[in-house]
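Residues per chain, in single letters:
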Amino acid sequence: MTIIGIVGTACSGKETLVNLLVNKYGYKHINLTKYSLHDTLKLDNNTEPEDNTKKVENCIIDITSNNYSINTDIDDQKEQNKDLNKIGNNSFNIKLFQLLLSNWKYNYVISPITKESELEILQKTSFFLLSIDDSTSSRFIKYCNKYHNIEHKHTNNLLNEDIYKYYLNNEYLKNILFEFLVYENKKSDYSIRKLMNNADYHLYGYENIQDLENKLININIPNIIHRPSWDEYFMKLAWLTSKRSNCIRRKVGSVLVKNNRIISTGYNGTPTATTNCFEGGCIRCTNINVINGTNLEYCNCIHAESNVLFYAGKDKCEDSILYVTCLPCLTCAKHIIQCGIIKVIYSTKYLMDENRPTSIDILHNSNVEVIQFHNSSKFI
């Protein structure tokens, strides 16, 4: 079971994306609207579900259909779920979770995602969030086509200013423009943008359905299973470890791994029982005249790589892999070689003078494999 959540700006193509996943790839669509399943399927309270339906709470779910609807207006059902509400659940979450579990053989696309609370139950499953966006001019044209049946003759290579000028010269069209701006402000507010920024994958613009499908193929939909690779898993742990750093110039985290098991973690900062860097404990870090990558001999902070090796010990370091958020400096590279580490996977580069040998050079010369990790979140 794979679950794709769709979030996007107004008229960016969310419905088109859903229809493509449903009709082309066989996904089941769960529509997060305020209409109950009885309204959607035109069933009244006295209608008995047929054999191909499943009852969840007070809703009828047709499991043979490609489209479901979940009622998010739960005020009238809170009394029925008092005990569950006490532990943070609600009727909507219960219905959705039961639907997914009872039909786990299907793949689902859920839209529109508009609130962080809607992700709470989904993120416990095989879920990833896909955002879709487009230029304001393109979305405005789609709005006119969708709600006013107006087609613009010059949709190609049309700038925002041209559209606004074109529509402001006509009173009727000007009203549509203002209507769109109000609609845009309502449907693409801060909460939507925040959700989009946190999406796992991003789609921006498409010329036609084939172009949209090609973009989906580029991120391996519908075959994707949102389970992080080992490299992604350990690198995310390294980034999380870096949050513990007390360095004011750069937070670095590292994770030492052997046979996909964590041996040790480390982050940079001043030595134990000394003043923290962010409290003035490092004279180099607090000196604004120091250029990044220079005067490291005056730094009181112990680097993340050194800390992770100190706590692991040389015996455990043999034939292990080091994940680190920043490419090791020359000193740390020498420590890595001496401890018998066979591979270094880093995220961002460390700036060094071009005239000096780099840490990558010395690691390669000692047969230590060095790989830069690229974030799996894609923008296409």
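Residues numbered from 1 in each chain as written. Predicted model: local features only at pLDDT ≥ 70, side-chain atom pairs only at ≥ 80, totals over all residues. Heavy atoms only, no water.

Keep this limit in mind: UniProt positions are given in the numbering used here, feature names are shortened, and annotations may be inferred rather than shown by experiment.
The name given to the protein chain in an unreviewed UniProt entry is dCMP deaminase, with Cryptosporidium muris as the source organism. In its Sequence similarities (unreviewed entry) section, the UniProt record describing the protein chain reads: "Belongs to the cytidine and deoxycytidylate deaminase family."

Thoughts on unusual backbone geometry
Using the following cut-off: Helix and strand assignments follow DSSP, with helices taken as H or I runs no shorter than four residues and strands as E runs no shorter than two, numbered in order from the N terminus. Per-residue accessibility, obtained with a 1.4 Å probe over protein chains only, is compared with the maximum for each type, and a residue is labelled buried under 20%, exposed over 50%, and partly exposed between these values.
Across the junction of Ser111 and Pro112, the peptide omega takes the value -10 degrees, indicating a cis bond. If you check the backbone angles, Ala273 has positive phi at about 70 degrees while not being a glycine. Here Ala273 lies in the loop between β10 (261–267) and α12 (304–312). The class for Ala273 is exposed, based on a relative accessible area of 82%.

Here's the deal with the pairing of strand β9 (residues 253–258)
For the record, the criterion: One requirement defines pairing of two strands: DSSP has to find at least two bridges between them.
Counting buried positions along β9 yields 5 of 6 residues, so the element is predominantly enclosed. Here 6 bridges tie β9 to β10, and the two strands are oriented antiparallel to one another. Looking at β10, one finds that Val257 is bridged to Ile262. Linkage of β9 to β10, two consecutive antiparallel strands, is achieved through a turn of 2 residues, within which Asn259 is found at a positive phi near 55 degrees. When β9 meets strand β11 (residues 321–326), the two strands line up antiparallel, connected through 4 bridges. Paired with Ser254 across the bridge in β11 is Val324.

Brief notes about the nonpolar core
Rule in force here: Nine residue types can take part in a nonpolar core, namely buried Ala, Val, Leu, Ile, Met, Phe, Trp, Tyr and Cys, and a core is a set of them joined through side-chain atoms within 4.5 Å. Here, residues are in contact when the closest pair of their heavy atoms is within 4.5 Å.
Within the largest apolar cluster, 20 residues are counted, with the highest numbers of intra-cluster contacts made by Leu256, Leu309, Cys317, Ile336, Ile341 and Leu363. Elements represented by at least two residues in this core include exactly α12, β11, α14 (330–338) and β12 (343–348). When residues in this core are grouped by element, the largest group, 4 residues, is from α12. In contact with Ile336, other than residues within four places in its own chain, are Leu309, Leu322, Pro328, Ile341, Val344 and Leu363.

A closer look at the packing of aromatic side chains
How we decide: Think of it this way: a Phe, Tyr or Trp ring, Trp meaning its six-membered ring, pairs with another when their centres are within 6.5 Å, and the plane angle makes it stacked under 30 degrees, edge-to-face over 60, tilted otherwise.
Counted under the stated rule, the structure contains 9 aromatic pairs. Relative to Tyr147, the ring of Tyr143 has its centre 4.9 Å away and its plane inclined at 45 degrees; by these criteria the two rings are tilted. Residue Tyr143 and its partner Tyr147 are both found in helix α6 (residues 136–148); the two are separated by 4 residues, about one turn of the helix. The partly exposed category is assigned to Tyr147, whose relative accessible area is 39%. Each ring, one from Trp230 and one from Tyr233, has its centre 6.0 Å from the other, and the planes form 70 degrees; the classification is edge-to-face. Here Trp230 pairs with Tyr233, and both are found in helix α11 (residues 230–242), just 3 residues apart, close to one helical turn. A relative accessible area of 43% means that Trp230 is categorised as partly exposed. Residue Tyr233 is classed as partly exposed on the basis of its relative accessible area, which comes to 38%. Within the aromatic cluster, the residues linked to one another by ring pairs are Phe140, Tyr143, Tyr147 and Phe180.

Details of the sheet that holds β12
Applied cut-off: Between the N-to-C directions of two axes lies an angle of 0 to 180 degrees, each axis being a line fitted to C-alpha atoms and, for a helix, fitted only over the stretch in contact.
Reading across from one edge, β10-β9-β11-β12-β13 is the order of the 5 strands in this open sheet, with mixed pairing throughout. On the outer flanks of this sheet lie β10 and β13 (369–372), each paired with one strand and no other. Each strand of the sheet is rotated relative to its neighbour by a mean of 20 degrees, with strand direction disregarded. Strands in contact with α12 are β9, β10 and β11; relative to β10, the strand with the most contacts, it is inclined by about 130 degrees.

Looking at the pattern of salt bridges
How we decide: We define a salt bridge as a contact between a side-chain nitrogen of Lys or Arg and a carboxyl oxygen of Asp or Glu at a distance within 4 Å.
Scanning the entire structure with this criterion turns up 9 salt bridges. For Lys343, the salt bridge goes to Glu369, with nearest N and O atoms at 3.9 Å. Here Lys343 is found in strand β12, whereas its partner Glu369 is found in strand β13, with 26 residues between them in sequence. Given the relative accessible area of 22%, Lys343 is considered partly exposed. Note on Glu369: relative accessible area 39%, which makes it partly exposed. When salt bridges with common partners are traced through the structure, they connect Asp133, Arg139 and Arg193 into a single cluster.

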